[in-house]
Amino acid sequence: MKVLMNAGPWLPVPPDGYGGIENIVATLVPPLRELGVEVVLASVGSSTLEVDELVSVFPEGQFRQLQRPYNQVNGVVPAHQHAVVRAVRERPDIDLVHDHVEAAGLATLAALGRDDPPVLHTLHWDLHKHPELYGTFDGGGRVWVNGVSADQVSRAPEALRAHTVGHVHLATPLAEGADRRRPPDKGGHVVILGRVTPGKGQDVGARLAHRYGFDVVLAGPVGPYHSPEDLAAVSTSDNPDVAYYREKVGPYVDGERVRWLGTVRPPGRDDLVASARAVLAPLRWSEPGGTFVVEALALGTPVVGISLGCLPELVDHGRTGFLTADEEELPDLLEAAAKLDPAESMREAATRFTPAVMAARYLELYRTVLASA
Ligand code: UDP
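Residues numbered from 1 in each chain as written. Predicted model: local features only at pLDDT ≥ 70, side-chain atom pairs only at ≥ 80, totals over all residues. Heavy atoms only, no water.

Per an unreviewed UniProt entry, the protein chain carries the name Glycosyl transferase and comes from Phytohabitans suffuscus.

Encoded structure:
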């Protein structure tokens, strides 16, 4: 089987540090190729993932142009997607397109004709608030959809749900052999890992840290800014995450109780998470797939968070972490999580969240799509 894997124009694959979709593609492709799937990657020129062929229009990632949710307006997505369609037409041996680009990208692919291969489009974020992005999408009889959690699929716009072939939980290479590693030594800090944005609730974690007296480390970019120095150099910005950080999070960042490190990269990122007593997820949105959750479990760190989105599917309450609907309960649950056995989280990750498990599941979905087409 030959698949065109479309990772979009935002960041190289693998990304340097932050990168949700690009991390997933980098995790999925190697085990897929081990299963005999040939992969043509559509990404940016600076991608270094080993594949059978790379196609791109942009030499470098266009992350700074990203304007969610209407990222199509600036023309980056259409230019990239047209290159994908062209690549498909020039390579008649491609059996299927696995697309990871939201909304406008999907519409472009739905325009593929009868003689083109079918498309599996993976939903990566929370779309229920933006049904207009998909309008009356009918897939053109060529596009099928999968989610990254059952919860995400259940709340997707109706137009998409009609074409859904299932969901596949996210995976991490850290889960491979996690059950054979020694559980890590724990420090006293709690980590919130991810983009600094209202849905991830960094302000909630920072407020609770001061009120209840525990140490929180925030790791992740603020909009396109990857370090406190980068952000400090910007006087005005219309990026909503910059405004969120400056108004709601920054006032709590005192360098002691609450620190913001900017983007952290492996291996430092993994040491930070493994040595944490918990990863905190004070969510306000329905986290669609939560790579940070499966990474934490693989590293032997329990996850404590708000029971929204994919969290109840990934975290086994009382065994690999604790979930609640009430943010004021989070400090007590952080205490309780310190008593959980990290080996349980590592075993869970090694069973459910390895790249091989994810690749086998995607291969199943590819076969379903090919049979339907
Ligand atoms: N990440 C990272 N460094 C950071 C913040 C995040 O490497 O400072 C990684 C994180 O480990 C995860 C990905 O970026 O692999 C974010 O994906 P996730 O699904 O957790 O969140 P998203 O940003 O896609 O909503």
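J.: Mind showing me how you'd approach the sheet that holds strand β10 (residues 258-260) here?
T.: What links the strands of a sheet is backbone hydrogen bonding, and the strands pair in either a parallel or an antiparallel sense. Overall, parallel pairing links the 6 strands, which are arranged β10-β9-β8-β11-β12-β13 in an open sheet. Of all the strands in the sheet, the pair left with one neighbour each is β10 and β13 (321-324). Ignoring strand direction, the axes of neighbouring strands in this sheet form an average angle of 20°. Bridge count between strand β12 (residues 303-306) and β13: 4 bridges; the pairing is parallel. By the bridge assignment, valine 303 is partnered in β13 with glycine 321. (Pairing = 2+ DSSP bridges. Helix = DSSP H or I, 4+ residues; strand = E, 2+ residues; numbered from the N terminus. Axes fitted to C-alpha atoms, helices over the stretch in contact; angles between N-to-C directions.)

J.: What's the story with the nonpolar core in this structure? I'm lost.
T.: Nonpolar side chains in soluble globular proteins generally cluster together in the buried interior. By size, the foremost hydrophobic cluster in this structure holds 60 residues, and its most contacted members are Phe214, Leu280, Val293 and Val304. Broken down by element, the residue count for this core peaks at 6 residues, all from helix α10 (residues 291-298). In this view, leucine 280 contacts Val190, Val191, Ile192, Gly205, Phe214, Val304, Leu330 and Leu334; residues no more than four positions away in its chain are not counted. Core analysis: the next-biggest nonpolar cluster, separate from the first, contains 30 residues, Val13, Val25, Leu170 and Val369 among them. (Core = buried A, V, L, I, M, F, W, Y, C linked by side-chain atoms within 4.5 Å. Buried < 20%, exposed > 50% of the residue type's maximum accessible area, 1.4 Å probe, protein only. Contact = heavy atoms within 4.5 Å.)

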